[in-house]
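The residues making up each chain are set out below.
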Amino acid sequence: MRKLSEVLKVENLDAGYGALKVLSDINLVIKERQAVVIIGSNGSGKTTLLHTITGLIRPYRGRIIYKGEEITHLPPHKKATKGIAFSRGTVFDSLTVSENLDIGTYLSRNVKKTTPTNVFELFPVLRSRLNQKAGSLSGGERVMLSIAKALVSNPDLLILDEPSAGLMPKVTLTLIDLFEKLKNEQKLSFLMAEQNVRMIKGFADYIYVLSHGRTVYSGGAQEILADEQMLRKAYLGI
Ligand SMILES: Nc1ncnc2c1ncn2[C@@H]1O[C@H](COP(=O)(O)OP(=O)(O)OP(=O)(O)O)[C@@H](O)[C@H]1O
Ligand SMILES: [Mg+2]
C-alpha cells in the first residue's frame, strides 16, 4: 500500500493573545484522508490552535507546513484558496442560504462559480431553503450550512471547531456518516476540535489531547479512547 502523504504539519508552535501565551510547543501531523481530533478541557487551547492554523492568529514561534509549503504567516483567505477550509459553525444570518454558499464558492480554487450539486445531495434540506435567510434556520441547519459553505470551496483539509455542538445525537450520527464519505470518496482530511465522545468514537483516526496549551497525549484513536483514566484527565483538566 502507498504510504499516506502528509497534508499538514505543525512544528514547535507557540501562540496566544498579546502577552497571554496560550499554546506551547505544539507539534501535529495530518495525513491524507486522516481525521485528526483535538480534545481537552474548556480553555485548554483547542480553538486557539485551530485559529492559528487557519491564519486568524499569528503564531509567536513555529512553522505550519501545508503539502510541503510553508504557510505559517499567510492570511486566512490565502490559506483557503490553497485548500484549507474552516467551518466556524457560524453563518451570515442576514444573507440567504444561497448567498452564504456563494461566499464559500468565492474562496474556491475552482474557476466554476456554481454551487456544486453534491452539497445538496449531502444536505438536501438546504436546497429547499435557498432563498431563506440563514438567521431563520434552526441551529442544526445552520451547522449544516456552515459545513456546506466550507465544502463548496472544494478543500483538501476541512477544519471544524466542535461541529456537533448543539446538534441532536441523531444529526451527529448523520454528520459522522457524511464526514466518512467525504474522507473516502473525496480524499478529504479533517482537523477537528471536539468534546463529544460519540462523534470522536465514530470518526477520529488520531487524537491529540491538549492541557493548558500543551499536548499531553497523542496517539491512535482506539488507543487513546481505551484509556479511561487519561480521558477523564483530558476532560476534567486535572
Ligand atoms: N480573544 C482572546 N483574547 C484573550 N484571551 C483569549 C481569547 N480567546 C481565548 N482566550 C484565552 O485562551 C485560552 C484558551 O482558549 P480557547 O478558546 O483556545 O480554549 P478551548 O480549548 O477552545 O475551550 P472551549 O472548550 O471552551 O472551547 C483561555 O484561557 C481563553 O480565556
Ligand atoms: Mg473552543
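Keep in mind it's a predicted model, so treat the numbers as computed, not measured. Think of each chain on its own: its residues are numbered from 1, step by step along the sequence as written. All chains are assigned letters beginning with A, and all ligands numbers beginning with 1, in the order in which they are written. Local features in this predicted model are restricted to residues of pLDDT 70 or higher, and side-chain atom pairs are both shown and tallied only at a pLDDT of 80 or more, whereas totals for entire chains, interfaces and linings draw on every residue. As a rule here, side-chain values come from all non-hydrogen atoms in the structure, and water together with hydrogens is ignored.

Trainee: Please explain the sheet that holds strand β1 (residues 6–17) as it appears in this structure.
Mentor: Strand pairing in a sheet is mediated by backbone hydrogen bonds. Such pairs are either parallel or antiparallel. The criterion for strand pairing is that DSSP finds at least two bridges linking the strands in question. The helix count covers DSSP runs of H or I at least four residues long, the strand count covers runs of E at least two residues long, and both are numbered beginning at the N terminus. Here four strands make up an open sheet; going across it, the order is β2-β1-β4-β5 and the pairing antiparallel. Because the sheet does not close on itself, it has two edges, and the strands there are β2 (20–31) and β5 (69–70). Examined bridge by bridge, β1 and strand β4 (residues 61–66) share five bridges and lie antiparallel to one another. Of the residues in β4, the one forming a bridge with K9 is I65.

Trainee: Could you clarify how one ought to interpret the site of ligand 1 in this entry?
Mentor: Whether a residue is near a molecule or strand is decided by its heavy atoms; if any one of them lies within 4 Å of it, the residue is near. Residues in close proximity to ligand 1 total 13 residues, the closest being N42, G43, K46, T47 and T48. Polar contact is the term for a pair of N or O atoms within 3.5 Å; when the atoms are in protein, one must be able to donate a hydrogen and the other to accept it, and sequence-neighboring residues count only if both atoms are side-chain atoms. One nitrogen or oxygen atom from the side chain of N42 is found 2.9 Å from an oxygen atom belonging to ligand 1. Backbone polar atom of G45 to an oxygen atom of ligand 1: 3.0 Å apart, as the coordinates give it. Protein chains bury 57% of the 630 Å² of accessible surface belonging to ligand 1 in isolation. For the shell around ligand 1, the element with the highest residue contribution is helix α1 (residues 46–54), accounting for three residues. Along the lines of polarity and charge, the residues of the shell around ligand 1 split into three nonpolar, eight polar and two charged. In short, Shrake-Rupley with a 1.4 Å probe defines the accessible areas, and a residue's cover is counted only from the protein chains shown. Gly falls in the polar group here, along with every residue not listed as nonpolar (Ala, Val, Leu, Ile, Met, Phe, Trp, Tyr, Cys, Pro) or charged (Asp, Glu, Lys, Arg).

Trainee: Sorry, what's going on with the domain arrangement of the protein chain here?
Mentor: Frequently, the measure chosen for interface size is the accessible area that the parts lose on association. Start and end positions for the domains come from either an automated domain assignment or a database one. On domain assignment, one finds that the protein chain holds domain 1 (1–83 + 157–238) and domain 2 (92–154). If you average the C-alpha positions of domain 1 and of domain 2, the two centres end up 23 Å apart. Note on contacts: a residue pair is in contact if any heavy atoms of the two residues lie within 4.5 Å. Of the residues lining the interface, 18 residues belong to domain 1; the matching set on domain 2 comes to 11 residues. Summed over both partners, the accessible area (1.4 Å probe) lost when two parts come together is defined as the buried area. A combined buried area of about 1100 Å² lies between domain 1 and domain 2, and 77% of that area is made up of carbon and sulfur atoms. Of all residues in domain 1, T81, L158 and L178 bury the most surface against domain 2, accounting for 32% of the area lost on that side.

Trainee: Just to check I follow, could you spell out the sheet that holds strand β6 (residues 84–87) for this structure?
Mentor: Spatially, β6-β7-β8-β3-β9-β10 is the arrangement adopted by the six strands of the open sheet, whose pairing is mixed. Bordering the open sheet on either side are β6 and β10 (214–220), each of which pairs with just one other strand. Between one strand axis and the next, the sheet turns through 15° on average, direction left out of account. In this fold helix α10 (residues 228–236) packs onto β3 (35–39), β9 (206–211) and β10, with an angle of close to 65° to the strand it touches most, β3. A fitted line through C-alpha atoms serves as each axis, taken over the contacting stretch for helices, and the angle formed by two N-to-C directions is quoted from 0 to 180°.

Trainee: I keep staring at the pattern of salt bridges and nothing clicks. Help me out?
Mentor: Between side chains of opposite charge, a pair can form as their charged atoms come close. The salt bridge criterion pairs a side-chain nitrogen of Lys or Arg with a carboxyl oxygen of Asp or Glu, the two atoms within 4 Å. Taken as a whole and judged by the stated rule, the model has 13 salt bridges. Several salt bridges converge on common partners, so that one network encompasses K9, E11, R63 and E70.

Trainee: Explain the packing of helix α3 (residues 97–106) against helix α6 (residues 139–151) here, please?
Mentor: Two quantities define a packed helix pair, namely the angle between the axes and the distance from one axis to the other. Interhelical geometry of α3 versus α6 gives an angle of 35° and a closest axis separation of 7 Å. Taken as a pair, α3 and α6 cross one another with a handedness that is right-handed. Contacts from V97, N100, L101 and G104 of α3 reach α6 at L145, A148 and K149. Taken together, the residues that form the contact of α3 with α6 break down as four nonpolar, two polar and one charged. Crossing handedness follows the turn of the near helix against the far one: under a right angle anticlockwise gives a left-handed crossing, and clockwise gives a right-handed one.

Trainee: Is there a simple way to explain the pairing of β4 in this structure?
Mentor: In regular strands, side chains alternate between the two faces of the sheet. Across two bridges, the pairing between β4 and β5 is antiparallel. Bridging from a neighbouring strand, I65 pairs with E70 of β5.

Trainee: Would you take a moment to explain the layout of surface pockets for this structure?
Mentor: It is a probe the size of a water molecule, rolled over the atoms, that shows where empty space is left. Taken as a whole, the second largest pocket holds about 230 Å³ of empty space. If you list the elements that add at least two residues to the lining of the second largest pocket, you get α5 (124–127) and α7 (169–186). When residues in the lining of the second largest pocket are grouped by element, the largest group, six residues, is from α7. Class assignment for the residues of the lining of the second largest pocket results in nine nonpolar, one polar and two charged. When residues of the lining of the second largest pocket are sorted by domain, at least three fall in each of domain 1 (1–83 + 157–238) and domain 2 (92–154). In the cavity and pocket records, a cavity denotes points on a 1 Å grid over the protein atoms alone where a 1.4 Å probe fits but cannot get out, a pocket denotes an open set with protein on both sides within 12 Å along at least 5 of 7 lines, and lining residues are residues with an atom within 4 Å of a point. Grid points are joined across faces, edges and corners, and a volume is the space filled by probe spheres set on the points.

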